[in-house]
Amino acid sequence: MAADGGRAVLPCAFSPKSQQFLALCAQDGRLRIWNTESKALQQEYVPSAHLSAACTCVTWGPCRAVQDVPQRKRRKCESGAAVEQTDLLALGTAAGSVLIYSTVKGDLHCTLDGEHSGPVNSVQWHPEDSVLYSGSDDTHIAEWDLQKGKVICKWKADRSAISSLCISPDGKLLLSAGMIIKMWNLETKEVYRKFTGHSTMVTTLCFATTRPPDSNGMYFLSGAAHDRLLSVWQVRSDGKDKNSVVSFTLTDEPQHIDLQTSSHKEEAMRLAVVCKDGQLHLFEHFLNGICKKPLSPVCSLQVSTMKGDSPVPVPLLAAALCADRQNLKLAYGHHLQPVMEKTPFNTSERHACLVRDVLSTLSLSVDMAVSKVKTPVVNQKSKVLMPGLTGHKAPIKLTPNEAEKRKKETSTTELSIEERLEQIELSGGRKGAAKGSSSLQTDSFAVLLVQGLESKDEKILNKIFQTKKEILIKNTVSRLPPPAILPLLEELSRRLQGHPFAALLIVQWFKAVLTQHASYLSSLPDLVSQLGLIYHMIESRVKLYHQLSRLHGKLFLLMSQVATSSSAQKTDVDRTAKLVYEEESSDEDEGSGDEGRPEDDSDNWEEDETAMELTEDKMNHKEEDEEDMKDESKANGDSDLDPENESEEE
């Protein structure tokens with residue numbers, strides 16, 4: 001189905017053979033079946049989980065024979081009378097289930113679920129047996145038995161999601177596609193061939209011929225997301241089918257495809273493709289070999305409507321080729337009320353535009369006779385009572401001057417958040433404030449804190465978290481509502497990772513929150529994940545505390561030693577010498593070194609002898625002085641000495 005702009009692609013399908021019905025799943029999850037001949041809504045079905053599990057794909061089942069007359073009341077002449085009718089409709093859902101809807105019953109036939117763990121992207125019916133195949137995002141293909149409502153077989157088809165499925169006309173081969181197209185043998189469930197060439201997810205698969213694969217005449221086409229080409233592949237008996245043989249150019253990604261197959265080489269294949277931009281492209285080609293150049297459409301069709309003087313394009317939803325090969329069935333407009341039309345097409349015109357008055361057909365008409373809502377008739381003389389002042393008088397209308405005055409008065413009374421913050425700071429700084437001011441201040445702090453957390457305003461949060469009063473912090477935290485606790489903890493943990501100076505203030509808020517709201521925090525199931533960051537941060541800082549304290553002690557010792565050494569250097573030292581020793585024979589020592597003077601030897605010897613005599617005299621004087629000192633001490637201390645000491649001295 002096509003859509004304009006960014007509209008979602010909705011599942012849409014015409015019934016087989018006669019194209020009598022159009023099944024369309026809208027965005028609200030409802031299935032609507034429209035009659036293309038009467039252009040009216042035939043049936044509407046609302047799945048039980050239409051909001052949670054929307055419909056992802058729609059596929060009509062093969063036509064089956066339905067008896068018009070009941071079995072018991074049927075006559076012998078009517079025993080062979082049977083009408084082929086389209087009855088069953090398969091709906092794939094995002095919940096992984098497949099719904100089988102019966103148009104004859106007008107209700108759900110059965111539900112196939114329990115096998116897929118992801119959304120069902122494609123559903124295909126077996127042409128002969130009562131078997132259904134479904135491909136899902138879980139990379140598996142499921143084969144369902146519709147009579148029992150159970151799965152027959154399930155196998156993994158690809159590494160990526162299965163986005164599209166298609167069964168061959170004889171029912172022996174199955175095409176599945178994700179990023180790679182695989183052809184499966186349904187009897188053995190083994191891969192028959194692989195085809196690679198698309199860089200995106202394959203969204204469209206369709207067999208183009210009814211010929212057997214051994215005759216080199218089996219062809220199928222594929223289209224991928226965000227790709228403006230339709231590729232045609234040939235299934236060769238020798239296995240040399242690595243590249244596509246034909247490609248068709250489009251204006252946008254293909255959304256809806258209808259194809260009339262060719263049974264032999266002389267019969268051309270007809271293809272109708274509805275693109276995402278809302279245009280329809282028609283192709284005719286004889287599939288008999290390789291064509292290197294991309295083929296352009298034979299005819300392109302666009303629907304538009306007049307809005308004023310300029311035409312406005314109307315997106316096509318779906319298109320189907322009629323059996324007479326001369327007409328088209330189109331569905332365009334809005335998915336809630338599509339416009340259906342059967343129109344002939346002429347391949348001689350390369351571009352055709354159908355101008356239709358879509359707005360008038362889409363406008364919902366309301367029958368006044370059926371409607372129960374009636375408008376009251378009001379006369380000019382009647383009075384209308386309105387709620388207002390006492391006595392049910394009309395509301396007072398102000399003159400423009402009075403209204404401006406009132407606006408000015410209200411504007412002066414209203415204060416901004418910044419002004420309120422300044423007033424809070426001023427009231428907090430006053431020493432002689434009243435007793436009731438603290439409650440007002442904490443209330444306003446709690447309100448501002450909640451507003452700052454919801455709006456993530458850094459200015460408000462910075463003003464609040466800069467407070468140092470412990471009582472103000474406790475009162476503010478106690479007045480916070482429980483839903484604001486976790487956002488507050490997240491903001492505090494974020495600020496705790498910043499500058500260390502900010503941590504001194506943030507720790508007080510942490511302490512207040514954990515003590516005031518401990519009961520609420522303990523009731524949370526995911527408390528460990530919420531407080532895990534804070535716990536690890538505190539633990540990492542505590543681990544470094546002992547090392548930092550040791551480093552602080554060592555640095556303190558070094559600094560004290562440096563201070564003492566600097567103070568010692570600053571003290572004044574007296575540089576004057578207390579004692580000076582001068583040698584008397586300095587000149588004689590200098591002369592003693594002259595060994596080469598023989599005339600001075602006699603003089604030197606005489607001087608040495610006189611020096612020796614002087615030293616001996618000095619020694620004798622010292623000994624006499626010591627003896628005199630001993631005699632004095634004996635005279636003074638005779639009574640104190642013991643007889644033993646006296647004998648020793650003697």
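Criteria and thresholds
Residues numbered from 1 in each chain as written. Predicted model: local features only at pLDDT ≥ 70, side-chain atom pairs only at ≥ 80, totals over all residues. Heavy atoms only, no water. UniProt positions renumbered as here; feature names shortened; annotations may be inferred. Pairing = 2+ DSSP bridges. Helix = DSSP H or I, 4+ residues; strand = E, 2+ residues; numbered from the N terminus. Axes fitted to C-alpha atoms, helices over the stretch in contact; angles between N-to-C directions. Parallel < 35°, antiparallel > 145°, perpendicular 65-115°, else oblique. Contact = heavy atoms within 4.5 Å. Nonpolar A, V, L, I, M, F, W, Y, C, P; charged D, E, K, R; others polar. Buried < 20%, exposed > 50% of the residue type's maximum accessible area, 1.4 Å probe, protein only. Arc of directions from axis to C-beta. Core = buried A, V, L, I, M, F, W, Y, C linked by side-chain atoms within 4.5 Å. Polar contact = N/O pair within 3.5 Å; in protein donor to acceptor, adjacent residues only side chain to side chain. Salt bridge = Lys/Arg side-chain N within 4 Å of Asp/Glu carboxyl O. pLDDT = per-residue confidence, 0-100. Phe/Tyr/Trp six-rings, centres within 6.5 Å; stacked < 30°, edge-to-face > 60°. Lys NZ or Arg CZ within 6 Å of the ring centre and 35° of its normal.

As recorded by an unreviewed UniProt entry, the protein carries the name WD repeat-containing protein 43 and is attributed to Phoxinus phoxinus. Its UniProt record gives the protein the following Sequence similarities (unreviewed entry) comment, quoted word for word: "Belongs to the UTP5 family."

Colleague: An account of the sheet that holds strand 30 (residues 338-344) is needed here, citing residue identities and associated values.
Modeller: The strand order 28-29-30 describes an open sheet built from three strands, whose pairing is antiparallel. Two strands bound the open sheet, and with one partner strand each, they are strand 28 (316-321) and strand 30. Across this sheet, the average inter-strand angle for adjacent strands is 20 degrees, counted without regard to direction. Of the strand pairs in this sheet, strand 28 and strand 29 (residues 327-333) are connected by five bridges, and their pairing is antiparallel.

Colleague: I'd like a description of the packing of helix 5 (residues 458-465) against helix 7 (residues 485-496), backed by residues and values.
Modeller: Viewed as axis vectors pointing N to C, helix 5 and helix 7 meet at an angle of 80 degrees, and their least axial separation amounts to 13 Å. Looking at the two axes, helix 5 sits roughly perpendicular to helix 7. Of the residues in helix 7, those touching helix 5 at Glu458, Leu461, Asn462 and Phe465 are Leu488, Glu491, Leu492, Arg494 and Arg495. Along the lines of polarity and charge, the residues of the contact of helix 5 with helix 7 split into four nonpolar, one polar and four charged.

Colleague: So, the sheet that holds strand 21 (residues 229-235): which residues are in play, and what are the values?
Modeller: Taking strand neighbours across the sheet as the criterion, the four strands line up as 19-20-21-22 in an open arrangement whose pairing is antiparallel. Of all strands in the sheet, those bounded by a partner on one side alone are strand 19 (202-207) and strand 22 (246-249). Strand-to-strand twist in this sheet, taken as the mean axis angle between neighbours without regard to direction, amounts to 20 degrees. When strand 19 meets strand 20 (residues 218-224), the two strands line up antiparallel, connected through five bridges. Paired with cysteine 206 across the bridge in strand 20 is leucine 221.

Colleague: Provide a residue-level description of helix 6 (residues 470-478), including the pertinent values.
Modeller: Among the residues of helix 6, those classed as buried are Leu472, Ile473, Thr476 and Val477. The arc enclosing the buried residues of helix 6, seen along the axis, measures out at 125 degrees, which places them on a common side.

Colleague: With reference to specific residues and values, describe the nonpolar core.
Modeller: In terms of nonpolar packing, the biggest core is built from 32 residues, with Leu449, Phe465, Leu488, Leu489, Leu492 and Trp509 touching the most fellow members. At the level of elements, helix 4 (437-455), helix 5, helix 6, helix 7, helix 8 (500-516) and helix 10 (527-570) are the ones that each hand at least two residues to this core. Once residues within four sequence positions are removed from consideration, leucine 489 is found in contact with Phe510, Val513, Leu521, Leu531 and Ile534. Judged by nonpolar contacts, the second largest core, of 19 residues, contains Ala272, Cys299, Leu301 and Val314.

Colleague: Can you lay out helix 5 for me, pointing to particular residues and giving the numbers?
Modeller: Within helix 5 the residues assigned to the buried category are Ile460, Leu461, Ile464 and Phe465. In a view along the axis of helix 5, the buried residues occupy a sector of 120 degrees, so they form one face of it. At the N-terminal boundary of helix 5, the capping side chain belongs to aspartate 457, with an oxygen 3.2 Å from the backbone nitrogen of lysine 459.

Colleague: How would you explain the pattern of salt bridges if you had to name every residue and give the values?
Modeller: If you walk through the whole model with that rule in mind, you get 12 salt bridges. A salt bridge links arginine 30 to glutamate 44; the shortest N-O distance between them is 3.5 Å. Taken together, the residues span a long stretch of sequence, with arginine 30 in the loop between strand 2 (21-25) and strand 3 (31-35) and glutamate 44 in strand 4 (residues 40-45) at a distance of 14 residues. The salt bridge partner of arginine 270 is glutamate 284, with a shortest N-O separation of 2.8 Å. With a gap of 14 residues between them, arginine 270 in strand 24 (residues 269-275) and glutamate 284 in strand 25 (residues 280-285) connect regions that are remote in the sequence.

Colleague: Give me the lowdown on the confidence of the model for the protein, citing residues and values where you can.
Modeller: Counting all residues, the mean pLDDT for the protein is 77, and 71% of those residues have values of 70 or more. Here residues 386-398 is modelled with pLDDT under 50, and outside its nearest four sequence neighbours on either side it reaches seven contacts, counting other chains as well. Taken together, the stretch residues 637-650 has pLDDT below 50 and engages in four contacts with residues farther than four places along the chain or on a different chain.

Colleague: Give a description of the environment of leucine 280 that names residues and reports values.
Modeller: Looking at the element boundaries, leucine 280 is found in strand 25. The exposure class of leucine 280 is buried, given its relative accessible area of 0%. Through-space distance from the C-alpha of leucine 280 to that of valine 303 is 9.2 Å; in sequence the pair is 23 residues apart. Apart from the residues within four sequence positions on either side, leucine 280 is in contact with Ala272, Val273, Val274, Cys299, Ser300, Leu301, Leu316, Ala319, Leu328 and Leu330.

Colleague: Describe the packing of aromatic side chains, listing the residues and the values that go with them.
Modeller: The tally for this structure, following the rule as stated, stands at nine aromatic pairs. Centroid distance phenylalanine 248 to phenylalanine 283: 4.8 Å. Interplanar angle 45 degrees. Geometry classified as tilted. Taken as a pair, phenylalanine 248 in strand 22 and phenylalanine 283 in strand 25 lie far apart in primary sequence, 35 residues in all. Relative accessible area serves as the criterion here: at 1%, phenylalanine 248 is assigned to the buried category. Phenylalanine 283 gets classed as buried once you look at its relative accessible area, which sits at 3%. One aromatic cluster is present, built from ring pairs that chain together Phe195, Phe207, Phe220 and Trp233. When the ring centre of tyrosine 192 is taken as reference, the NZ or CZ atom of arginine 193 above it lies at 4.8 Å.

Colleague: I'd like to hear about unusual backbone geometry, residue by residue, with values.
Modeller: Its identity as a non-glycine residue notwithstanding, glutamine 19 has a phi of 50 degrees, on the positive side. If you trace the backbone, glutamine 19 turns up in the loop between strand 1 (12-14) and strand 2. Among the residues examined, glutamine 19 registers a relative accessible area of 10% and is labelled buried.

Colleague: Describe the environment of leucine 489, with residues and values.
Modeller: Its location among the elements puts leucine 489 in helix 7. Sequence separation between leucine 489 and tryptophan 509 is 20 residues; the distance between their C-alpha atoms is 9.1 Å.

Colleague: Can you explain the environment of glycine 118? Please cite residues and give values.
Modeller: Along the chain, the position of glycine 118 falls in the loop between strand 10 (107-112) and strand 11 (120-125). As a C-alpha pair, glycine 118 and glycine 96 span 22 residues in sequence and 5.1 Å in three-dimensional space. Leave out the neighbours within four places in its chain, and glycine 118 touches Ala94, Ala95, Gly96, Ser136, Asp137 and Asp138.

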